[in-house]
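# Structural characterization, general
Given next are the chains, with one letter for each unit.
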Amino acid sequence: MSQILSIENLAVTLQGDQRVIEDISLEVPEGEIVGIAGESGSGKSLTAAALLGLLPDRSQTSGHAWWRGGAEPRDLLTLDQRSWNRVRGREIAMVFQDATAALHPMLTVGTQITEHMRVHLQLSRRDARRRAVELLDRVRIPDPEASLRSYPHQFSGGMRQRVAIAAALACQPRLLIADEPTTALDVTVQAGILRLLEELRAETGLSVLFITHDLAVLAALTTQAYVFREGRVIESGATEELLFHPRHEYTKTLVAARPQADDWDEPEQVAR
Ligand SMILES: Nc1ncnc2c1ncn2[C@@H]1O[C@H](COP(=O)(O)OP(=O)(O)OP(=O)(O)O)[C@@H](O)[C@H]1O
Ligand SMILES: [Mg+2]
């Protein structure tokens, strides 16, 4: 199976010599959902930031992040600003924990989704709107036509996250990086979003890198998973194997710390 993304020995030092990522290697096979778990501060979001060229100013990186979702393989750690404009939002898109922050409060949903397409895909206003309706329909927003004219605050939290996913998918990215996209949502709404990501993967071959604190979400959604701690990968492998037979002491602690460990028998029902 081909890897759409291969991170090799990523290290990140922030301004003032603060070493925040020590050594991360990770692969995302094309068309799969790969998970990253790990305690707060372990470097999950900064890894995502490195993959999108969004590290804080004056950060230093070493290692490689080979991206094979474009015309030719490229190391994301060495892209210039011009190349980022082609890759970010277009080949690699992102959704965050807080959809409210990702969406502009004063712009209609329609404007926010079509803007990307008009810039990146050079679509006419009419074609962009048509595609926006399709996207909203695909993420199961009721009455997509009318929703285009609505503002983010008119939607519930779960619906806003769906809109943010639709906006992220507007330019048909090959990889979606999702950083705790369901943490702020209640469990049933969360299950709907997870199901949506799995459908998108199955139907369009989208690859997903999914960051979460929640090991049940990891079990339900991902096939491969990586456990981060203090800026390193301390354990990785097939998700089921990793969660049911953790080898590393730290992963064992993480698994044991989860309150309802027996829920894991049924994760298939949640996501698929
Ligand atoms: N802009 C920044 N400036 C300085 N330090 C930062 C910055 N962003 C992150 N850090 C530090 O880098 C480390 C890794 O942070 P990161 O945000 O990647 O953690 P995380 O695994 O995403 O945690 P969480 O689960 O809380 O989201 C932490 O020690 C954090 O305090
Ligand atoms: Mg984070």
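Up top you'll find the structure we're talking about.
Our subject in this report is the structure included herewith.

### Side note on unusual backbone geometry
Of note in this structure, Gln 172 is not a glycine but carries a positive phi near 55°. Looking at the element boundaries, Gln 172 is found in the loop between helix 7 (157-169) and strand 7 (175-179). On the neighbour-count criterion, Gln 172 (15 C-beta atoms within 10 Å) is partly exposed. For Glu 180, which is not a glycine, the phi torsion comes out positive at approximately 50°. With respect to the element layout, Glu 180 can be found in the loop between strand 7 and helix 8 (187-204). Taking the number of C-beta atoms within 10 Å as the measure of exposure, Glu 180 has 18 and is therefore partly exposed.

### A word on the site of ligand 1
Residues in close proximity to ligand 1 include Leu 14, Val 20, Gly 38, Ser 40, Gly 41, Ser 42, Gly 43, Lys 44, Ser 45, Leu 46, Pro 56 and His 213, which together make up its full environment. Tallying contributions element by element places helix 1 (residues 44-51) first for the shell around ligand 1, with three residues. Of the residues assigned to the shell around ligand 1, the class counts are four nonpolar, seven polar and one charged.

### Topic: the pairing of strand 2 (residues 18-29)
Pairing geometry for strand 1 (residues 3-14) and strand 2, over eight bridges, is antiparallel. Bridging from a neighbouring strand, Val 12 pairs with Ile 21 of strand 2. Counting the residues between successive antiparallel strands, the hairpin from strand 1 to strand 2 contains three residues, one of them, Gly 16, with a positive phi of roughly 85°.

### What about helix 4 (residues 109-120)?
In this model helix 4 runs 18 Å from its N-terminal to its C-terminal C-alpha over twelve residues, within 8% of the 16 Å that 1.5 Å per residue would give. Within helix 4, the full set of buried residues consists of Val 109, Gly 110, Gln 112, Ile 113, Thr 114, His 116 and Met 117. Looking at the buried side of helix 4, the elements it contacts are helix 5 (125-138), helix 6 (144-147) and helix 7. Looking one or two residues past helix 4, Gln 122 carries a phi angle of roughly 50°, positive in sign.

### Some thoughts on the packing of helix 4 against helix 5
Helix 5 packs onto helix 4 with a crossing angle of 120° between their chain directions and a minimal axis gap of 9 Å. By the criterion of interaxial angle, the relationship of helix 4 to helix 5 is oblique. The handedness of the crossing between helix 4 and helix 5 is right-handed. Facing Gly 110, Ile 113, Thr 114, Met 117 and Arg 118 of helix 4, the residues of helix 5 in contact are Ala 128, Arg 129, Arg 131, Ala 132 and Leu 135. Here the contact of helix 4 with helix 5 is composed, by residue class, of five nonpolar, two polar and three charged.

### With respect to the nonpolar core
Ranked by size, the top nonpolar core spans 75 residues in total, and within it Ala 65, Val 95, Val 163, Ala 164, Ala 166, Ala 168 and Leu 176 carry the most contacts. When residues in this core are grouped by element, the largest group, eight residues, is from helix 7. Leaving out residues up to four positions away in the same chain, Val 163 has contacts with Ala 99, Leu 103, Val 109, Ile 141, Pro 152 and Phe 155.

### Quick look at helix 8
Under the 1.5 Å per step criterion, the end-to-end length of helix 8 is 26 Å for 18 residues, consistent within 8% with the ideal 26 Å. Buried residues of helix 8: Gln 190, Ile 193, Leu 194 and Leu 197, and no others. The arc that holds every buried residue of helix 8, seen down its axis, measures 100°, which confines them to one face. Across from the buried face of helix 8, at angles greater than 90 degrees, the exposed residues are Thr 188, Ala 202 and Glu 203.

### With respect to the environment of Leu 79
Along the chain, the position of Leu 79 falls in the loop between strand 5 (74-75) and helix 2 (81-87). Classification of Leu 79 by C-beta neighbours within 10 Å gives partly exposed; the count is 17. C-alpha of Leu 79 to C-alpha of Gly 53: the two residues are 26 residues apart in sequence and 7.9 Å apart in space. Not counting residues within four places of it along the chain, the set of residues in contact with Leu 79 comprises Gly 53, Arg 74, Trp 84 and Val 87.

### Side note on the environment of Ala 65
On the secondary structure map, Ala 65 appears in strand 4 (residues 60-67). A sequence separation of 180 residues divides Ala 65 from His 245, and the C-alpha atoms of the two residues are 29 Å apart. Contacts of Ala 65, omitting those with residues within four sequence positions, involve Leu 5, Ile 7, Leu 10, Ala 50, Leu 51, Asp 75, Leu 76 and Leu 77.

Thresholds applied
- Residues numbered from 1 in each chain as written.
- Chains lettered and ligands numbered in written order.
- Predicted model: local features only at pLDDT ≥ 70, side-chain atom pairs only at ≥ 80, totals over all residues.
- Helix = DSSP H or I, 4+ residues; strand = E, 2+ residues; numbered from the N terminus.
- Buried ≥ 20, exposed ≤ 12 C-beta atoms within 10 Å, placed from the backbone.
- Near = placed C-beta within 6 Å.
- Nonpolar A, V, L, I, M, F, W, Y, C, P; charged D, E, K, R; others polar.
- Pairing = 2+ DSSP bridges.
- Expected span 1.5 Å × (residues − 1).
- Contact = placed C-beta atoms within 7 Å.
- Axes fitted to C-alpha atoms, helices over the stretch in contact; angles between N-to-C directions.
- Parallel < 35°, antiparallel > 145°, perpendicular 65-115°, else oblique.
- Left-handed = near helix turned anticlockwise from the far one by under 90°.
- Core = buried A, V, L, I, M, F, W, Y, C linked by C-beta atoms within 7 Å.
- Arc of directions from axis to C-beta.

These values are about where atoms sit, not about what they do.
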